[in-house]
Amino acid sequence: MSDSQPPAAVEQALAQNARFLERCSRLAGVGAWEWQADTEALVLSDSACDLLGLHAGRVPTLGGLLARFGPDGAAMLDAALRRAAAEGLGWDIELPCDAGERGPRVLRVVGGLDSGPAGERARVGVVMQDVTEPAGVRAELERTLERLDLATHGGGIGVWELDLQRSRHGELTWDDAMWRLHGEAPHGQRITAVAWQRRVHPQDRRTALQSLRDARDGNPQFDGEWRVLWPDGSTHVLRGSGRLLRDASGQALRLSGVCWDVSEERELQQQLEEQHELLEVTLQSIADAVLTTDAHGRVTWLNPVAQRLTGWTAEEARGQPASRVFQARREDGVEPLPDPVQQCLASGLPTQLPPGTVLQGRDGEQRAVDDSVAPIRGKGGRVLGAVLVFRDVTQQRRQFDEIRWRASHDGLTGLVNRAEFGQRLARAFERASRDGSQHALLALDLDRFKLINDHCGHADGDEVLRQVAQCLEAGVRSRDTVARLGGDEFAAILENCSLEEALHVAQKLCDTLDQFRHVHGEQSFRIGASIGVAPLDGRWPNAEAALREADACCMIAKEQGRNRVQVWSPNDATLRAHQSEHRWATRLQQALDEERFELDLQRVLPAQGDEDDGLLRGELLLRLRERDGSRVPPTAFMPAAERFHIAPRIDRWVLRQAVALLQREGPPQIASLSVNLSGLTLQDTVFHQEARALLLELGPERARALCLEITETAVITRLTDAARFITQMRALGARIALDDFGAGASSYSYLKALPVDVLKIDGQFIRSLMSDPLDQVAVRSFVDVARTLGLTTVAECVETPEVLLELVRLGVGEVQGFLLHRPEPIAGLLAAAQEPVTV
């Protein structure tokens, strides 16, 4: 038989392995605890305390421990514990955990009843694992955790005796426990040696028999281990110990001894060996870099990833100070940061380097890293060293910086965007209000930029915007802020700058852009700029007021001839007129809040009168009801609504009313309702979301009765937004009309890019149709194009019978105008349709 260690040595080895496992548990993020059901007693490992954010050695109450998992997690875990104690059922769940200073974590919690010897109190064993880390490392740690589930010792000690006198091979006497150790119910006390041999694993029979022969032939002590095969096919390891008994003459009489099941011990020993090997392989294989040190901060080991990132091999680094191998610096500096390993060893607590840390490798290359350092503790809590875990986050940090830059800058020009400009403007205004400093604000709008977009295309327009941005940045100081607010609108904050100095800067920028030329083929295009200048100081109630004044000055400059600078003045009458527009913004907000908007409807009829089917078709027209009862047409307030970005909110209200009308039941039956949309609405994502929801609620069948009208001028400036919005709406059933068709210089080109259903011919071609041959040619060409594309044509502003007849001759499909129907309130029109007809 093979030699074996005595039980004390095994216990010592297991204790050493347990301490090793505790250290491994800390590295792997694993901890264990035990709960005794009848006494509510808790026993926690140090690593479990670390995972839960508890002080090692301080055992909390069960309620205090469960509270770390929050109300829902605590209730779930409490139920699992009590079910395991009562029914022996185990569990395996993942729960969020508040780990105190370590912050929120996610723990995998595995537990079950620990079935000890008979009479021992029921205990529930629990193993926890931190699964917050990446899935690859977590999978390895989960496999490690499974191997930490030690089988408890069970069964008793069997007594046996081998009679060496009755036969050449002897006869065995077994007690009941021996039968159970072989997986059988007790059936007698005697068994032949041959029958016993059949129960021994074939690979162990020769060794077991030889040990018996040695004991019989003179070796007074029998001690060995062998495997036995149970009837159910399972294999168990038994350990036997016995002594040879002789008679007075020295003749061997019998060999008496005991056996006990050491399967679990051997399995545990094998698992520990595998676990140790697995831990080594894991640390060699994980994507994170791992560096360990002794208690003095000298490197003891690096895994391959750490070797690659630092540029040190494990042999070269061994014995070196950790600060020499792991050289941490700030991203924006050259001075090294304090050694995190020494900080950890000095405090005995886990530590981390500040955000933005970079690791300088041995080759001089710098890599962005995230790191954490934890102490390695031995028996009694003594610090034996530290483990530094770090990873290369260069790519992630670069992506984060890019995302952060994109969030605050305009992707086309590289200037700061509207959101970032607003924050800087607020900070400058706050500083001016606090210390009385003077700053200036420029609002700049390009002149004739649309001409370049129309004739040269959007690619050329984008290039012009980039060049303009460069001119603006070159014309101000480095500490000033230049922003693109959208489209061809720009703004600048001139810090510590008087109004007179700002006027000088603005005039230089205006002169520079006046000299700018964009060459396209053989053509040269000139743009120029209108610039408004306003002081940014404590005279304003807020920063937005200063920006509105600068914007108003910019609009005045554009209205007074463009390519000029307008400076704010408190007595400027023109400026006061623009302030009236600001008051319109307030009135519009109040009208929306007080629901004082109303809708009229103007019918749209077939051009051929005999094709009228009696169904209601028309365009919804917006009106504002003043508090005195008067009604205001949209031409009076929509410019202000567009200017102050209120138009999308008004359009949402109109669309909701239109959908409600299409959902109603009863006469008249509505075949088509047209709704006008502002250009700003095309780029309003909130409107897009609500429109999708309303059309989904309406359903595709009724949605076909809804026609969304988009002006050609809106499409010109927001072609991409318009195309995306049109595609979404048509997919939900709605029809799209291109309103005021022909008003732009590139009308036909947009038909190729936009999947519309209806062309509404601009009224300027209809009013003079009978007197202007060019208008007739234009309308005829519009009809031909629409017929080719399968689109419906609608003529607006039909006011005379002669025009109507000419439109019929030219092939226009539908008509709209005062000749046919004057707009009337939709509520009255619907009410009249429901009244009974009297003869």
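Residues numbered from 1 in each chain as written. Predicted model: local features only at pLDDT ≥ 70, side-chain atom pairs only at ≥ 80, totals over all residues. Heavy atoms only, no water.

What to know about the overall build of the protein
So the rule is basically this: By the criteria applied, helices consist of DSSP H or I runs no shorter than four residues and strands consist of E runs no shorter than two, each listed in order from the N terminus. Each residue is assigned to one of three classes by its accessible area relative to the maximum for its type, calculated with a 1.4 Å probe on protein chains only: buried under 20%, partly exposed between the two thresholds, exposed over 50%. The contact definition used throughout considers only heavy atoms, calling two residues in contact when any of these lie within 4.5 Å. The accessible surface values rely on the Shrake-Rupley method and a 1.4 Å probe; as for residues, cover is taken only from the protein chains in view.
When helices and strands are counted, the protein shows 31 helices and 35 strands. When the 839 residues of the protein are sorted by exposure, 46% land in the buried category. For the protein, restricting intrachain contacts to residue pairs at least 6 apart in sequence, the fraction spanning at least 24 positions comes to 59%. When the accessible surface of the protein is split by element, carbon and sulfur atoms take 50% of a total near 41400 Å².

A word on the packing of aromatic side chains
Our working rule: Pairs were defined over the aromatic rings of Phe, Tyr and Trp, the Trp ring being its six-membered one, requiring ring centres within 6.5 Å. Orientation was assigned from the angle between planes: stacked under 30 degrees, edge-to-face over 60, tilted for the rest. Here, a charge over a ring means that NZ of Lys or CZ of Arg falls within 6 Å of the ring centre while also lying within 35 degrees of the ring normal.
Here the structure, examined in full by the defined rule, presents 10 aromatic pairs. With centroids separated by 6.1 Å and ring planes inclined at 45°, the aromatic side chains of Trp-584 and Phe-637 adopt a geometry described as tilted. Of this pair, Trp-584 sits in helix α20 (residues 573-593) while Phe-637 sits in helix α21 (residues 634-643), placing them 53 residues apart in sequence. For Trp-584, a relative accessible area of 14% gives the class buried. These aromatic residues form a ring-pair network of at least three members: Trp-584, Phe-597, Phe-637 and Trp-653. It is Arg-362 that lies over the ring of Trp-312; its NZ or CZ is 3.9 Å from the centre. Over the face of the ring belonging to Phe-818 we find Arg-822, whose NZ or CZ atom lies 4.2 Å from the ring centre.

Considering the confidence of the model for the protein
Rules: As a per-residue measure, pLDDT tells how confident the predictor is, with possible values from 0 to 100.
Per-residue confidence for the protein averages 83 on the pLDDT scale, and 88% of its residues sit at or above 70. When the criterion is pLDDT under 50, residues 144-155 qualifies, and its contacts beyond four places in sequence or with other chains add up to 23 contacts.

Section: the side chain of Ser-674
Following the sequence through the fold, Ser-674 ends up in strand β29 (residues 670-677). Beyond its immediate chain neighbours, meaning those up to four positions away, Ser-674 contacts Gly-618, Glu-619, Leu-620, Cys-707 and Glu-709.

Concerning unusual backbone geometry
Backbone geometry follows two general trends: most residues other than glycine have a negative phi, and most peptide bonds adopt the trans configuration. At Glu-40, a residue that is not glycine, the phi angle is positive and equals roughly 60°. The class for Glu-40 is partly exposed, based on a relative accessible area of 34%. In this model, Glu-595 sits at a positive phi of 55°, which is unusual for a non-glycine residue. Checked against the element boundaries, Glu-595 lands in the loop between α20 and β25 (597-603).

A short note on empty space enclosed by the protein
Where empty space is left in the structure can be found by rolling a water-sized probe over the atoms. Let me state the cut-off plainly: The pocket and cavity definitions rest on a 1 Å grid over protein atoms only: a 1.4 Å probe that fits but cannot leave marks a cavity, an open set with protein on both sides within 12 Å along at least five of seven lines marks a pocket, and residues lining either have an atom within 4 Å of a point. Grid points are joined across faces, edges and corners, and a volume is the space filled by probe spheres set on the points. Residues were grouped as follows: Ala, Val, Leu, Ile, Met, Phe, Trp, Tyr, Cys and Pro as nonpolar; Asp, Glu, Lys and Arg as charged; and all remaining residues, including Gly, as polar.
On inspection of all chains with the given rule, the structure shows three cavities of 30 Å³ or more. A volume near 80 Å³ is recorded for the largest cavity. Lining of the largest cavity is provided by Trp-160, Leu-172, Trp-174, Met-178, Trp-196, Leu-212, Phe-222, Trp-226 and Cys-259. Counting residues per element, the ones that place at least two in the lining of the largest cavity are β7 (171-174) and β9 (221-229). Here the lining of the largest cavity is built from residues that sort into nine nonpolar, no polar and no charged. Here the second largest cavity is characterised by a volume of approximately 60 Å³. Lining the second largest cavity are Leu-442, Leu-444, Leu-472, Val-476, Val-482, Phe-490, Ala-491, Ala-492 and Leu-509. Those elements giving two or more residues to the lining of the second largest cavity turn out to be β18 (439-446) and β20 (489-494). With three residues, the single largest contributor to the lining of the second largest cavity is β20.

Section: the nonpolar core
Quick reminder of the rule: By convention a nonpolar core is built from buried Ala, Val, Leu, Ile, Met, Phe, Trp, Tyr and Cys residues, the set being connected through side-chain atoms within 4.5 Å.
Core analysis: the biggest nonpolar cluster contains 80 residues, and Phe-597, Val-779 and Leu-807 have the highest contact counts within it. The dominant element in this core, judged by the number of residues it contributes, is helix α22 (residues 647-663), at nine residues. Excluding its chain neighbours within four sequence positions, the residues that come into contact with Phe-597 are Leu-588, Ala-591, Leu-592, Leu-622, Arg-623, Leu-624, Phe-637, Ile-650 and Trp-653. Counting 32 residues, the second-largest nonpolar core is a separate cluster that includes Val-482, Ala-502, Val-505 and Leu-513.

Here we look at the sheet that holds β9
To keep it simple, the criterion reads: Strands qualify as paired when DSSP identifies two bridges or more between them. Interaxial angle, 0 to 180 degrees, is taken between N-to-C directions of lines fitted to C-alpha atoms, where a helix line uses only the stretch in contact.
Pairing is antiparallel across the open sheet formed by six strands, whose spatial order is β8-β7-β6-β11-β10-β9. Unpaired on one side and paired on the other, β8 (190-192) and β9 mark the two borders of the sheet. When the angles between neighbouring strand axes are averaged without regard to direction, this sheet yields 30°. In the sheet, strand β6 (residues 157-163) pairs with β7 via four bridges, with the strands oriented antiparallel. Of the residues in β7, the one forming a bridge with Leu-162 is Leu-172. Each of β6, β9, β10 (235-246) and β11 (252-261) touches helix α8 (residues 202-216); the most contacted strand, β9, lies at about 160° to it.

Observations regarding the sheet that holds strand β19 (residues 481-486)
Pairing within the open sheet is mixed, and its five strands lie in the order β19-β20-β18-β23-β24. Each end of this open sheet is capped by a strand with a single partner; those strands are β19 and β24 (565-567). Strand-to-strand twist of the sheet, defined as the mean angle between neighbouring strand axes without regard to direction, takes the value 20°. Across six bridges, the pairing between β18 and β20 is antiparallel. What sits directly across from Leu-444, in β20, is Phe-490.

Considerations on the pattern of salt bridges
To keep things clear, this is the line we draw: Any carboxyl oxygen of Asp or Glu that lies within 4 Å of a side-chain nitrogen of Lys or Arg is treated as forming a salt bridge with it.
Inspection of the entire model under this criterion finds 47 salt bridges. A salt bridge links Asp-447 to Lys-558, with the nearest nitrogen and oxygen atoms 2.7 Å apart. One end of the pair, Asp-447, is in the loop between β18 and α16 (449-456); the other, Lys-558, is in helix α19 (residues 543-559), with 111 residues separating them in the sequence. Each member of the pair, Asp-447 together with Lys-558, is buried. If you follow the salt bridges from partner to partner, you end up with Asp-223, Glu-225, Arg-239, Glu-265 and Arg-266 in one network.

Here we look at the packing of helix α17 (residues 458-474) against helix α18 (residues 499-515)
Using the following cut-off: For a crossing to be left-handed, the near helix must be turned anticlockwise from the far one by less than a right angle; the clockwise case is right-handed.
In the contact formed by α17 and α18, the axes pass within 10 Å of each other and the chain directions differ by 145°. Classified by chirality, the crossing of α18 by α17 is right-handed. Across the interface between the two elements, Val-468, Cys-471 and Leu-472 of α17 pack against Leu-509, Thr-512 and Leu-513 of α18.

Describing the pairing of strand β1 (residues 30-36)
When you tally the buried positions in β1, you get five out of seven residues, the bulk of the element. Across seven bridges, the pairing between β1 and strand β5 (residues 123-130) is antiparallel. Bridged to Trp-35 within β5 is Val-124. Pairing between β1 and strand β2 (residues 41-44): four bridges, direction antiparallel. Pairing of Trp-33 across the sheet is with Leu-44, part of β2. Turn length for the β1-β2 hairpin, with the two strands adjacent in sequence and antiparallel, is four residues, and the turn residue Glu-40 shows positive phi of about 60°.

So, the pairing of strand β4 (residues 104-114)
Direction of pairing for strand β3 (residues 91-98) relative to β4: antiparallel, over a ladder of eight bridges. Opposite Leu-95, over in β4, you have Leu-107 as the bridge partner. If you look at the hairpin formed by β3 and β4, you'll find five residues sitting between the two strands, and Gly-100 has a positive phi there, around 65°. Pairing analysis gives eight bridges linking β4 to β5, with the strands arranged antiparallel. Note that in β5 the partner of Asp-114 across the bridge is Arg-123.

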